[in-house]
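So you can see what is in the structure, the chains are spelled out below.
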Amino acid sequence: MKNIFVKLFVLFFLLINQSIAEENIMILKLKDGDVKIELFPDVAPNHVKRIKELADSGKYDGVVFHRVIDGFMAQTGDVQFGNSSNDNFDLRRAGMGGSDLPDLGQEFSSLPHERGTLSMARAQDPNSANSQFFICFKPAPFLDRQYTVFGKVIEGMEHVDSIKRGDSNNNGAVDDPDKIISFKSL
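Let us look at the structure shown here. (Residues numbered from 1 in each chain as written. Predicted model: local features only at pLDDT ≥ 70, side-chain atom pairs only at ≥ 80, totals over all residues. Heavy atoms only, no water.)

## Considering unusual backbone geometry
Line of reasoning, step 1. In this structure, Arg145 takes a positive phi of about 60° despite not being glycine.
Line of reasoning, step 2. Turning to its location among the elements, Arg145 is positioned in the loop between strand E6 (133-136) and strand E7 (149-155).
Line of reasoning, step 3. Residue Arg145 is classed as exposed on the basis of its relative accessible area, which comes to 56%.
Line of reasoning, step 4. The phi angle at Asp176 is positive, at roughly 50°, despite the residue not being glycine.
Line of reasoning, step 5. Tracing the backbone through its elements, the reader meets Asp176 in the loop between helix H3 (157-161) and strand E8 (182-185).
Line of reasoning, step 6. For Asp176, a relative accessible area of 64% gives the class exposed. (Helix = DSSP H or I, 4+ residues; strand = E, 2+ residues; numbered from the N terminus. Buried < 20%, exposed > 50% of the residue type's maximum accessible area, 1.4 Å probe, protein only.)

## Things to note about the pattern of salt bridges
Line of reasoning, step 1. Evaluated as defined, the whole model comprises nine salt bridges.
Line of reasoning, step 2. For Asp178, the salt bridge goes to Lys31, with nearest N and O atoms at 3.1 Å. Of this pair, Asp178 sits in the loop between H3 and E8 while Lys31 sits in the loop between strand E1 (25-30) and strand E2 (33-39), placing them 147 residues apart in sequence.
Line of reasoning, step 3. Under the relative-accessibility criterion, Lys31 is labelled partly exposed at 47%.
Line of reasoning, step 4. Two residues, Glu155 and Lys36, come together in a salt bridge whose shortest N-O distance is 3.8 Å. Separated by 119 residues along the polypeptide, Glu155 in strand E7 and Lys36 in strand E2 bring together distant segments of the chain.
Line of reasoning, step 5. In this structure Glu155 comes out as partly exposed when scored by relative accessible area, which is 46%.
Line of reasoning, step 6. What emerges from the salt-bridge pattern is a single network uniting Lys31, Asp32 and Asp178. (Salt bridge = Lys/Arg side-chain N within 4 Å of Asp/Glu carboxyl O.)

Written as structure tokens, this is what we have:
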């Protein structure tokens, strides 16, 4: 009897852990395939909450990668001016907007900006992150403890690698940019 109770307890624990783990997984659909992302709510709870809120309400669907610098990162997330399926879409202004939600206070951590790291974009004010984020192509240690890391690509980085690059002479601005097809919780 005791052995059955222990097995049931272990099974219950495994199921609960799996449920909690899946709650922090998101799927970013790109033109070349799906990218699986793990979020870090224990490191950046407010940023994770914001990303999930915007993603699960469809705000990121159709948003372009307006700034993509080879060997550095791909930036997206301007739901105000960067949504290609929205009446407010303006590629010249993409990267200048956010969402209608208030800016977030910084949640800097010791997590490094490695290949596949997702981090929030912001203005000069450390407490100005809103909806824009970027994915690192390569390590970028000069960003560590200055930008909020909130997740990491765990599958499909090859699809991030195939995002159209921008003009290196124009700070990575992209003509006819790739876009997020959808971004949702698992």
